[in-house]
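Chain by chain, the residues run as shown.
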Amino acid sequence: MSWGNLNKRQQDYLTAIYEVDQEQEADEHSMWTRGGRTRPAREWRWIEYGMFDGMPTSLYSKLYLRNLIDEGTGSTFNALEARNLITCRYANLRRSGKPTLESILTIQITPQGRKLVREATGKPQEKPLPPGTLREWHWRAMAEAWKARPQGLKSDGMSEYGGIGWPTWLRLRDYKAGALIEEYSTWGEKLPHMSATPQIYWIRLSPFGEQYYRDNWQRYHDLYPDVDAPRPDDKESEKPS
């Protein structure tokens with residue numbers, strides 16, 4: 001199986017699944033920062049697909065933002081599974097351990113699927129980092145929140161802030177040394193056709209997060225030089241609180 005044997009839609013689906021798989025792997029490996037223990041891969045590699053209590057899962061959100069959710073979604077999953085790139089199953093238990101009233105679709109990318117995405121996109125296999133070190137996408141999220149000070153980043157209504165998915169923000173919120181980000185909400189403008197005033201959700205760096213950014217900027221700049229993270233002592237990047 002080669003990347004060229006997949007059509008563009010199948011490539012985009014597999015890439016989105018791979019991205020969520022890597023996010024879940026990084027989150028699982030950082031369980032120690034939240035006082036937990038890592039679990040076997042057979043448990044945490046399953047990726048949920050769907051909407052729950054009005055909130056999309058990470059995979060649903062990624063596909064939605066790529067305009068890839070339509071009546072052909074099931075067929076695309078089936079085509080990838082037939083090529084042994086993913087495995088699909090239905091479950092009655094969420095990753096959090098919460099039971100569901102109806103079976104939910106869960107997906108797991110196979111080793112062959114991960115290898116195919118890495119070879120096609122040039123994405124390297126993640127290397128172990130010292131305990132407590134943020135991954136590149138976590139540092140990128142920190143940088144986006146830094147640039148958005150003091151107000152922060154507004155939710156797009158699909159569990160993303162600044163185009164970054166909730167699992168990444170959750171990792172920053174639950175950082176063992178202290179929450180690096182914080183959530184808050186404001187009230188929007190009530191329009192004539194609305195029955196209630198809309199609530200707007202935001203994410204911003206916590207005071208500890210701002211200090212962490214200042215103290216660790218050089219370290220992460222050296223580690224992830226491609227991330228657009230402003231130097232904290234640059235007057236142009238500083239914003240009044």
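Draft legend 1. Quick peek at the packing of aromatic side chains. For the structure on display, the rule yields 11 aromatic pairs. Between Y184 and W202, the aromatic rings sit 6.1 Å apart at their centres with planes inclined by 15 degrees, giving stacked as the arrangement. Taken together, the residues span a long stretch of sequence, with Y184 in strand 9 (residues 181–187) and W202 in strand 10 (residues 199–205) at a distance of 18 residues. The same class applies to Y184 as to W202, namely buried. Through a chain of ring-to-ring contacts, the aromatic side chains of W139, W146, Y175, F208, Y212, Y213, Y220 and Y224 assemble into a single cluster.

Draft legend 2. Highlighting the pairing of strand 5 (residues 99–109). Pairing analysis gives 3 bridges linking strand 1 (residues 47–49) to strand 5, with the strands arranged antiparallel. When the bridges of strand 5 are listed, I47 appears paired with I107. Bridge analysis of strand 4 (residues 86–93) against strand 5 gives 7 bridges, and the strand direction is antiparallel. Across the sheet, the residue bridging to C88 is I107, located in strand 5.

Reading the values: rules and limits
- Position numbers for residues count from 1 along each chain, tracking the sequence in the order it is written.
- Whole-chain, interface and lining totals are the exception, using all residues; otherwise, since this is a predicted model, local features are given only for residues with pLDDT of at least 70 and side-chain atom pairs are given and counted only at 80 or more.
- Where side-chain values are given, they derive from all heavy atoms of the structure, hydrogens and water being excluded.
- Pairing of aromatic rings covers Phe, Tyr and the six-membered ring of Trp, with a centre-to-centre limit of 6.5 Å; geometry is then stacked below 30 degrees between planes, edge-to-face above 60, and tilted otherwise.
- Strands are runs of DSSP state E lasting at least two residues, helices are runs of H or I lasting at least four, and both sets are numbered from the N terminus onward.
- Per-residue accessibility, obtained with a 1.4 Å probe over protein chains only, is compared with the maximum for each type, and a residue is labelled buried under 20%, exposed over 50%, and partly exposed between these values.
- By definition, two strands form a pair when at least two bridges between them are found by DSSP.

Keep in mind these values describe shape, not function.
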